[in-house]
Each structure stands twice: as C-alpha cells, then as structure tokens.
Amino acid sequence: MKAANKPTADAVIAKLGESVVVKPNAEGSSVGLSVIATRQELGEKLAAITRGSWLIERRIVGRELSVGVLGGKALGIVEIRPKSGVYDFTSKYTKGMTEYFAPAPLDAATT
C-alpha cells in the first residue's frame, strides 16, 4: 500500500483479521516492523504512516526458521528465538536479544 491511498483499519481487519504485521516495503525485513494486535493499534499505526510504500500481512504465530541458499543448495536450518517474542530490528541487532539454534531442533521428517 502507498501512504497516499492507505486503507482504513476496518478494511484491513475485514480482509486480514486484527492480528497483523505492518512494515515498510523497502527497508529490510525488520526495520520499522510493527506487530499489531488490536483495531486501535492498527488505526494509530495507519495514521502515523505519511509517506512511502508499506506492507500489511496477516500475522502467523509459530517458530521462526531460516534457511540460507548458496549456489542453489540449501544450507542448514537455523531456529531464531527473539527474547521479546518479535524478531524486529532491536531483537535482530542487539547482542543477547535473540537466541539462534543451528541446526534447528527439528525432527528428520520436518528437516
């Protein structure tokens, strides 16, 4: 969505539900990321957006796993566990805010 034609909180909730993630479209995966849980929070976040292009996604709660790809081959699976519960910019770049498990503790079928 572009800031100039952003939807209303009610329109977002009707399409995606109340629990969403809002983030800038071109700032990286964690810069400016906001996890939204209520209509009021969503309305406030939308009101604060004045420029740029933004993404709004339905929040999926679960384990955070990452797989790097090098030369077309999948590398090992890493589980990411932010202590705050959200892997945002602070959790990603502040020492001690996130635990990383490599290889991820997964069963063979899931791996």
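Report follows, based on the coordinates. None of these values were measured; they are calculated from a predicted model.

For the protein chain, the helix and strand inventory stands at three helices and six strands. When the helices and strands of the protein chain are read in sequence order from the N terminus, they spell out α-β-β-α-β-β-β-α-β. Its C-alpha atoms give the protein chain principal-axis dimensions of about 45 × 30 × 25 Å. Residues classed as buried in the protein chain amount to 23% of the 111 residues present. A fraction of 49% describes how many contacts in the protein chain between residues 6 or more apart in sequence connect residues 24 or more apart.

Moving on to the pattern of salt bridges. Summed over the entire model, instances satisfying the criterion amount to four salt bridges. With a closest N to O distance of 3.1 Å, arginine 39 and aspartate 10 form a salt bridge. Of the two residues, arginine 39 sits in helix H2 (residues 39-48) while aspartate 10 sits in helix H1 (residues 9-16), which places them 29 residues apart along the sequence. Arginine 39 sits in the partly exposed class, given a relative accessible area of 37%. Aspartate 10 sits in the partly exposed class, given a relative accessible area of 48%. Within the structure, one salt-bridge network assembled from shared partners comprises Arg63, Glu79 and Arg81.

Now for the environment of glutamine 40. Mapped onto the fold, glutamine 40 is located in helix H2. With relative accessibility at 56%, the residue glutamine 40 sits in the exposed group. Measuring from C-alpha to C-alpha, the distance between glutamine 40 and alanine 102 comes to 38 Å, with 62 residues separating the pair along the chain.

Another aspect to go through is the pairing of strand E1 (residues 20-24). Each regular strand carries side chains that alternate between the two faces of the sheet. Counting buried positions along E1 gives five out of five residues, so the element sits mostly inside the fold. Of the two faces of E1, both are covered, the one formed by Val20, Val22 and Pro24 as well as the one formed by Val21 and Lys23. With three bridges joining them, E1 and strand E2 (residues 34-36) adopt antiparallel strand pairing. When the sheet's bridge partners are listed, valine 22 is paired in E2 with serine 34. Two elements, E1 and strand E3 (residues 54-58), share five bridges in a ladder whose sense is antiparallel. Bridging across to E3, valine 21 finds its partner in glutamate 57.

In this section: the side chain of threonine 98. Examined against the element boundaries, threonine 98 turns out to sit in strand E6 (residues 98-101). Note on threonine 98: relative accessible area 11%, which makes it buried. Only 2.7 Å separates the side chain of threonine 98 from the backbone oxygen of serine 91, close enough to count as a polar contact. Setting aside chain neighbours within four positions, we find threonine 98 in contact with Ile80, Arg81, Pro82, Lys83, Tyr87, Ser91 and Lys92.

What counts and how
- Residue indices follow the written sequence of each chain, beginning from 1 at its first position.
- The predicted nature of this model means local features are confined to residues of pLDDT at least 70 and side-chain atom pairs, given and counted, to a pLDDT of 80 or more, with totals for whole chains, interfaces and linings taken over all residues.
- Excluded from the side-chain calculations are hydrogens and water; all other atoms, namely the structure's heavy atoms, are used.
- Each helix corresponds to a stretch of at least 4 residues labelled H or I by DSSP, and each strand to a stretch of at least 2 residues labelled E; elements are numbered beginning at the N terminus.
- Burial classes: relative accessible area under 20% of the type maximum marks a residue as buried, over 50% as exposed, and values in between as partly exposed (1.4 Å probe, protein chains only).
- Every residue pair with non-hydrogen atoms within 4.5 Å of one another is taken to be in contact.
- For this analysis, a salt bridge means a side-chain nitrogen from Lys or Arg found within 4 Å of a carboxyl oxygen belonging to Asp or Glu.
- Note on pairing: DSSP must find at least two bridges between two strands before they are called paired.
- Here a polar contact means two N or O atoms within 3.5 Å. Within protein one must be a hydrogen donor candidate and the other an acceptor candidate, and residues neighboring in sequence count only if both atoms are side-chain atoms.

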